[in-house]
Amino acid sequence: MQTIDIESEIYKFVVDSFMFGQAAGLAYDESLLQRGVIDSTGVLELVSFLQENFNITVEDNEIIPTNLETINGIVAYVNKKLNGKS
Amino acid sequence: MQLEQFLEHSAERFPDKVALITGNDRYTYRQIDEEANRLAHALIASGVQRGDRVVIFLPNSLETVVSIFATLKAGAVFVVLNSTTKSDKVTYILNNCRATALVTSGTKADSLSTCWADTPYLQSVFLTGASESQAKAVQSGGKQVGSFEEVRKSGNNSSPMKKCIDIDLAALIYTSGSTGRPKGVMVTHLNIISAATSISTYLENTSDDIVINFLPLGFDYGLYQLLMMFKMGGTLVLHDSFAFPNVAIDKIIREKVTGFPIVPTISAILLQMDLSKYNFPNLRYISNTAAALPVEHIRKLRALFPHVKLFSMYGLTECKRVSYLPPDQLDIRPTSVGRGMPNEEVYVVDENGARVGSGIIGELVIRGSNVMKGYWELPEETAHCLKPGPLPGERVLYSGDLFRTDEEGYLYFVGRKDDIIKTRGEKVSPREVEDVIYALDGVAEVAVIGVPDPILGSAIKAVLTVRPGAQLTKQDVLRHCAARLEDFMVPKIVEFQASLPKTETGKISKRAIKVGAQEG
């Protein structure tokens, strides 16, 4: 999968699931928590989505702000996981 | 005694002890006390007087903590808002309490850009982390602008002269009202000191305690974690949310946390994790309030944390806390919310206000110096819940919650007298949510009800009909609500129906809708 697809899929998921389809200028490097887009249950939904959609296993110790706090962070994390698999 | 003395006394006793940990930053009691003094002087210089209201609209942070105590030191009344509150509601509250000052961040000030023209009482805005252009925007909105960072750098470190007495107001805590508009719960220094003393007595808090807090300081449960640690001279580890459970758990272990206040949502997350590899040698207690923990959660939590005391508690913003279940009673009566706190009396009454015996359902009444002074400028609503007590001039709190007691006097929650929904421990007025949904084009009728939810207590459900030809989706409704309501007020379930059941007088029958929801 191309990085660009991963990025747009993740962006779409976040906007659809947590912002009711309205991105309202959400930036790729913006903290989803600070902006109030996701909360604790949101993080868990995000993790399930990543596992199912990209067929990766998110370890407990990978659920950290660096990997999941911004769209850019999530994309980098998913790429790293996918590259590690191949 | 006044509330800010929690901080001042601890700063005298333990000046160099760490009072607050946020992220990787640690602050001593002396530092926080001096910062609060500097901001207090700045607030006074900006025109804040005794009894004025200061609104604090920030995420959990050092700045929020400093602002709360600075407001008190200035003799003013603090109003902490949940950081997810939307601009319209912030404007409403600023005007409702006629706040003279606001403390917020540059980013949040951007989101409030339309509010400056509509808040005639608001004179000054103190900004943290603001760019020059953000500060200018507020200034051009006609407000005096102060910089939190400038105040931190210099200024008078000494405590301003005390002007208040303990029956003066210390805070307004906004909660949902049945009319759909939020109401400010008026609490005095004495109210808060009494509640904090009772709670820290049964939790057996000491200056050795290190409490971690993930709950917003705008909710009284979160706020009191701060107040009680500062009262005891303990340490508060302040976080913004429980979003990264592993980071949170690491923090609990690394900071040797002794007290861990939770709500059912946090418990549900904890129980999904594999905690077997962790040890919590320092953890002494877990407390739960907001909504009752499912009995299954209680059982599992006790298995996960065998050496930890688990406190099940029940509260109302109007008196802070009503009751707690002593940990040794948890196995005996797991569904009870316990009994009154030390220095507080609670009892169940019938419709005439007469006390009833065990097993009989009635309204719960709370008597104690923790009971609020009333709702801000709402005498009718105040009279509805504060009624004469046993002593002349005394007023006791009618909770609006139906309870029964067992033979040993332990309390069991039965339901609400009104249609207020308790979700995630917050009271939500169906009317407030309905008003917002009615404003959406295409909506013909809407009824908002609470449906049982194992984690949330009640989940908010909106049932609606649309006008002929209107095309509305669930997403449209949720998006509309999310832009106007705080997160916890946004419906979890949206259902479209061809028509809504009516009563004989033609009003929408929520009772029938609720029955339908249970059957469906």
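Calculation notes
Residues numbered from 1 in each chain as written. Chains lettered and ligands numbered in written order. Predicted model: local features only at pLDDT ≥ 70, side-chain atom pairs only at ≥ 80, totals over all residues. Helix = DSSP H or I, 4+ residues; strand = E, 2+ residues; numbered from the N terminus. Rg over C-alpha atoms; globule rule 2.2 N^0.38 Å. Buried ≥ 20, exposed ≤ 12 C-beta atoms within 10 Å, placed from the backbone. Pairing = 2+ DSSP bridges. Expected span 1.5 Å × (residues − 1). Contact = placed C-beta atoms within 7 Å. Domains from an automatic or database assignment.

A few words on the overall build of chain B. Counting its regular elements, chain B contains 16 helices and 27 strands. In terms of C-alpha radius of gyration, chain B reaches 23 Å, essentially the compact-globule figure of 24 Å for 520 residues. The dimensions of chain B, computed from C-alpha atoms along their principal axes, are 65 × 60 × 55 Å. Taking all 520 residues of chain B together, 51% fall into the buried category.

In the case of a regular strand, side chains alternate between the two sheet surfaces. Residues and elements named next belong to chain B. Summarising the sheet, strand β25 (residues 443-453) and strand β26 (residues 457-466) pair through 10 bridges and their orientation is antiparallel. Bridge assignment links V446 to a residue of β26, and that residue is L464. If you look at the hairpin formed by β25 and β26, you'll find three residues sitting between the two strands.

So, about helix α3 (residues 62-73) of chain B. Residues and elements named next belong to chain B. Helix length check: α3, at 12 residues, gives a terminal C-alpha distance of 16 Å against a target of 16 Å (1.5 Å per residue), a fit within 8%. Here α3 has its buried residues at L62, E63, T64, V65, V66, S67, I68, F69, A70, T71, L72 and K73. Looking one or two places after α3, you find G75, whose phi comes out positive at around 80 degrees.

Attention now moves to the environment of G155 of chain B. Residue and element names in this part refer to chain B. The topology assignment puts G155 in the loop between α7 (148-153) and β8 (169-175). Classification of G155 by C-beta neighbours within 10 Å gives partly exposed; the count is 17. For G155 and L440, which are 285 residues apart along the polypeptide, the C-alpha to C-alpha distance reads 50 Å. Those residues in contact with G155 that lie beyond four places of it in its chain are R38, H41 and A42.

Residues and elements named next belong to chain B. Each assigned domain of chain B is listed here: domain 1 (5-188), domain 2 (242-381 + 389-416) and domain 3 (421-519). Here domain 1 and domain 3 have C-alpha centroids that lie 35 Å from each other. Facing 11 residues of domain 1, the contacting portion of domain 3 comprises 11 residues.

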